[in-house]
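Fold and geometry: a report
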Amino acid sequence: MSAEPAPLPDHHVLILGGTTEARRLAEALAGDPSYRVTTSLAGRVASPVLPPGGTRIGGFGGIAGLAAWIVAHEVTRVIDATHPFAERMSFNAAGAAALSGVPLLALRRPGWAPGPGDDWHFADSLGEAAGLLPGLGGRVFLTTGRMGLHTFAELTGTWFLVRSVDPPAGPVPPRLEVLLARGPFTLEDERELLARHRIDVLVTKDSGGSATAPKLTAAREAGIPVLVVRRPPVPAGVAETDSVEAVRDWLRM
Ligand code: NAP
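Residues numbered from 1 in each chain as written. Predicted model: local features only at pLDDT ≥ 70, side-chain atom pairs only at ≥ 80, totals over all residues. Heavy atoms only, no water.

1. A few points about the sheet that holds strand S5 (residues 104–107)
Taking strand neighbours across the sheet as the criterion, the 6 strands line up as S3-S2-S1-S4-S5-S12 in an open arrangement whose pairing is parallel. Two strands in the sheet have a free side with no partner beyond their single neighbour: strand S3 (54–57) and strand S12 (239–241). Here the strands of the sheet are splayed against their neighbours by 25° on average, with no regard to which way each runs. Strand direction decides the pairing type here: S5 and S12, joined by 3 bridges, are parallel. Note on S12: the bridge partner recorded for Leu105 is Ala239. Helix H1 (residues 20–29) rests against strand S1 (11–16), strand S2 (35–41), strand S4 (77–80) and S5 of the sheet, and its axis sits at about 160° to S1. Running over the sheet, helix H7 (residues 244–252) touches S1, S2, S4, S5 and S12 and is turned about 165° from S4. (Pairing = 2+ DSSP bridges. Helix = DSSP H or I, 4+ residues; strand = E, 2+ residues; numbered from the N terminus. Axes fitted to C-alpha atoms, helices over the stretch in contact; angles between N-to-C directions. Contact = heavy atoms within 4.5 Å.)

In structure tokens form, the structure reads like this:
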């Protein structure tokens, strides 16, 4: 007597990833026979932490390329779990979902909010942040990632401690030290870092999440200002959640 063939998964879920949330979702769906999961990574990080399930790495070639990939691989649901600042990819996901007719849900962690004792300043872009920075401090802890560093390259009077996963490339500010590190970071480490480098202002994107939040507490404790770059707008009409469980409920619908 031959064994029954395993049932085919109902869904091929494409997770646009590069975040902790994307990995958590892939982990939550792993082992569930209803789903075949592919996580897509941009390929920006030299040695990414790969999630369970299938993975693919590299751009799709814009909206049309992503829509073609969705159709060719019989994707039934798309989850945009990219970083809140991955604006282009989120825009492409919305366009490709509309082109292919495949449902899309965005999984995004909530942003941070200032609390009592915080001295937060806001900018709508890295460029605006670079303009505001000289008025806030001269020894900067810059945690906005290596990609937009050229925006600060003209600030010759400012000293930067730049923390990034991979080394920066292209134009950088003339006075800088690079610290290669990948979160999560502890409050103790962040306190020590601010003190050792005599940091007097912290620059961050409003990334949200707990992995990199201790730097905000350390800044509050040290009484130094934080310059927060606000999130870009989300594509109109895309449903959004911040919970992996809500994504699972949506997939079951
Ligand atoms: P982006 O500016 O929104 O996207 C630029 C291009 O990169 C896209 O048009 C797409 O190329 C490709 N791409 C981006 N995310 C992709 C993915 N998950 N899979 C396949 N291709 C992808 O993106 P970004 O801000 O550079 O972010 C790149 C990746 O790093 C994302 O996966 C994001 O989640 C992660 N990340 C970003 C930040 C941040 O601050 N921006 C922080 C942490 C992690 P094609 O048009 O050719 O498809």
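2. Some words on the domain arrangement of the protein
Taken as a whole, the protein is organised into domain 1 (11–110 + 233–252) and domain 2 (120–229). Look at where the C-alpha atoms of domain 1 and domain 2 centre, and you get two points 29 Å apart. Together, the buried faces of domain 1 and domain 2 total about 810 Å²; carbon and sulfur atoms form 53% of this surface. Inspection of the domain 1/domain 2 interface yields 0 salt bridges. Our count for the contact surface shared by domain 1 and domain 2 stands at 5 residue pairs in polar contact (both at pLDDT 80 or more). By residue class, the composition of the side of domain 1 that touches domain 2 is 7 nonpolar, 2 polar and 2 charged. (Domains from an automatic or database assignment. Buried area = accessible area lost by both parts, 1.4 Å probe. Salt bridge = Lys/Arg side-chain N within 4 Å of Asp/Glu carboxyl O. Polar contact = N/O pair within 3.5 Å; in protein donor to acceptor, adjacent residues only side chain to side chain. Nonpolar A, V, L, I, M, F, W, Y, C, P; charged D, E, K, R; others polar.)

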